[in-house]
Amino acid sequence: MYKLLSHNDLDGVGCGIIAKLAFGEDVEVRYNSVSFLNQEVEKFLDQKIEDTFLFITDLSVNEENTIRLDDYYKKGGKVQLIDHHKTALHLNDFEWGYVSVQDEEGTLTSATSLLYEYLVKNEYMAPTPAVAEFVELVRQYDTWDWEKNNNLAAQRLNALFYLISFDEFVEKMVTRLKANEHFFFDELEVQILDMEEKKIERYIRRKRRELVQKEIDGLYAGVVYAEQYHSELGNELGKEYPHLDYIAIVNIGGKKLGFRTIHDHVDVSKVAGTYGGGGHVKASGCNLTDKAYQNYCLDTFALEPLREDPKKNEYNKKDSPLGTLFENKQDEVFFLYQVSKNQWAINHKKTKLQQTFSTFLQGEIFLRRNYGVWLARDDKYIRYVMDFVKHK
């Protein structure tokens, strides 16, 4: 008999699907939140169930359960923990722990990909193209490689996961992966997902107008309240406002806080760790602790949302050869322009600022962080450029 304790997101449920393909009716699967896992482990160890192989995937255990699991293993118990979060790397010190953030080729892993690799290697199941394709979609979504590779199928798989119940999703995937040579979405799912994409677009447009900016512990955060579509929202807002180090998504109803970043220099798992949470480099979360509530809710409540750049500008665009004009709520204007091959300067109140920048983006980041600017409309830009050239 087998028992699998896994996370309750796509990657965790992906592990459950792979386990059911490998073990069929001989596996009991339970999906857990991060906080509830340790209660499940304690329950399993207290029951002293014999002849059951315990798998723990996509989650790590606390110190007390680590000690108890090691004792259980040394006394002949069968247990295998498989995870891919760097906060769990210390569990590699135990024979029953296997934590890998990336493979030998530098590809980021997921719990589903690691479990599939483990089960195939140990001959619990045979590999098939359909299962391999499903596993790769889960891996790419969970590691954000889907965004880098523009793999919309991975994003759609996650959307489908949240549109239907756990049980229905698992049953659909197990049946499909058993019966078909390749993975696919059926006709009804495609229609539902098309409708969902339009719904997500509308939701993101609304939330974009609610985003506020706050410097917290040396990093610039974009803070928004939202209860759904966290990954899509974090990704789109991050691309829309690249001067922000990360996006913090407050879920008041769930008393949760999610962190997303598009930048390679920012590790949001460290941000989440400040509040007792964790996760991935680009996607993490934590409970809304008193400290987190103070920083992301109370301290940002009175802030005005960031202004959006005009969508229909034809001339005043980022990195324009003639320069780019920004404005702020104090009716100040800032002209960012190139003065040499690797040097950009800013004119403010007809005076050139002392700061210069090696790229346009550096100048834009400086302006957005320090002056709360947005792109001016074309008509103001044309008047400014004509005057600037005249007096240059």
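Residues numbered from 1 in each chain as written. Predicted model: local features only at pLDDT ≥ 70, side-chain atom pairs only at ≥ 80, totals over all residues. Heavy atoms only, no water.

Student: Is there a simple way to explain the packing of helix H7 (residues 152-163) against helix H8 (residues 166-179) in this structure?
Tutor: In helix packing, the relevant descriptors are the interaxial angle and the interaxial distance, both defined with respect to the helix axes. Close contact between H7 and H8 brings their axes to 7 Å; oriented N to C, the two are set at 130°. Looking at the two axes, H7 sits oblique to H8. Here Leu157, Leu160 and Phe161 of H7 lie close against H8, whose contacting residues are Phe166, Phe169 and Met173. Its residues placed into classes, the contact of H7 with H8 shows six nonpolar, no polar and no charged. (Axes fitted to C-alpha atoms, helices over the stretch in contact; angles between N-to-C directions. Helix = DSSP H or I, 4+ residues; strand = E, 2+ residues; numbered from the N terminus. Parallel < 35°, antiparallel > 145°, perpendicular 65-115°, else oblique. Contact = heavy atoms within 4.5 Å. Nonpolar A, V, L, I, M, F, W, Y, C, P; charged D, E, K, R; others polar.)

Student: What's the story with the sheet that holds strand E8 (residues 246-251) in this structure? I'm lost.
Tutor: For sheets, the rule is that strands pair by backbone hydrogen bonds, running either parallel or antiparallel. Spatial ordering of the open sheet is given by E6-E7-E8-E9-E11-E10, a layout of six strands whose pairing is mixed. Edge strands, defined here as strands with exactly one partner in the open sheet, are strand E6 (212-216) and strand E10 (278-279). Summarising the sheet, strand E9 (residues 256-260) and strand E11 (residues 283-287) pair through five bridges and their orientation is antiparallel. If you follow leucine 257 over to E11, its bridge partner there is cysteine 286. (Pairing = 2+ DSSP bridges.)

Student: Honestly, the pairing of strand E12 (residues 324-327) in this entry has me stumped. Any pointers?
Tutor: By the alternation rule, side chains of E12 split into Thr324 and Phe326 and Leu325 and Glu327, which are all buried. As defined by bridge partners, E12 adjoins strand E13 (residues 333-340) across four bridges and the pair is classed as antiparallel. Each bridged residue has a counterpart across the sheet, and for leucine 325 the counterpart in E13 is phenylalanine 335. Connecting E12 to the antiparallel partner E13 that follows it, the hairpin turn spans five residues, and aspartate 331 within it adopts a positive phi of roughly 65°. In terms of strand pairing, E12 meets strand E16 (residues 374-375) through two bridges, oriented antiparallel. Note on E16: the bridge partner recorded for phenylalanine 326 is leucine 375. (Buried < 20%, exposed > 50% of the residue type's maximum accessible area, 1.4 Å probe, protein only.)

Student: Just to check I follow, could you spell out a nonpolar patch on the surface for this structure?
Tutor: On the surface, a nonpolar cluster with roughly 520 Å² of combined accessible area is contributed by Tyr225, Ile252, Tyr293, Leu298 and Phe301. We classify isoleucine 252 as partly exposed; its relative accessible area is 39%. (Patch = residues over 30% accessible without salt bridge, like charges linked within 9 Å, V, L, I, M, F, W, Y side chains within 5 Å. Areas by Shrake-Rupley, 256 points an atom, 1.4 Å probe, with all protein chains shown as cover. Salt bridge = Lys/Arg side-chain N within 4 Å of Asp/Glu carboxyl O.)

Student: What should I look at first to understand a positive patch on the surface in this one?
Tutor: On the surface, Lys198, Lys199, Arg202, Arg205, Arg206 and Arg209 cluster together into a patch of positive charge. Along the chain, arginine 205 turns up in helix H9 (residues 187-208). (Lys, Arg positive; Asp, Glu negative; His and termini not counted. Charge placed at Lys NZ, Arg CZ, Asp CG, Glu CD.)

Student: Hey, could you run me through the sheet that holds strand E2 (residues 27-32) in this one?
Tutor: Strand order in this open sheet of five strands is E2-E1-E3-E4-E5, and the pairing throughout is parallel. The open sheet has two edge strands with one neighbour each: E2 and strand E5 (97-99). Recorded for the sheet is a direction-independent mean angle of 15° between the axes of neighbouring strands. Packed on one face of the sheet, helix H2 (residues 37-47) meets strand E1 (2-7), E2 and strand E3 (53-57) and runs near 165° to E1.

Keep in mind that these numbers describe shape and distance, not what the molecule does.
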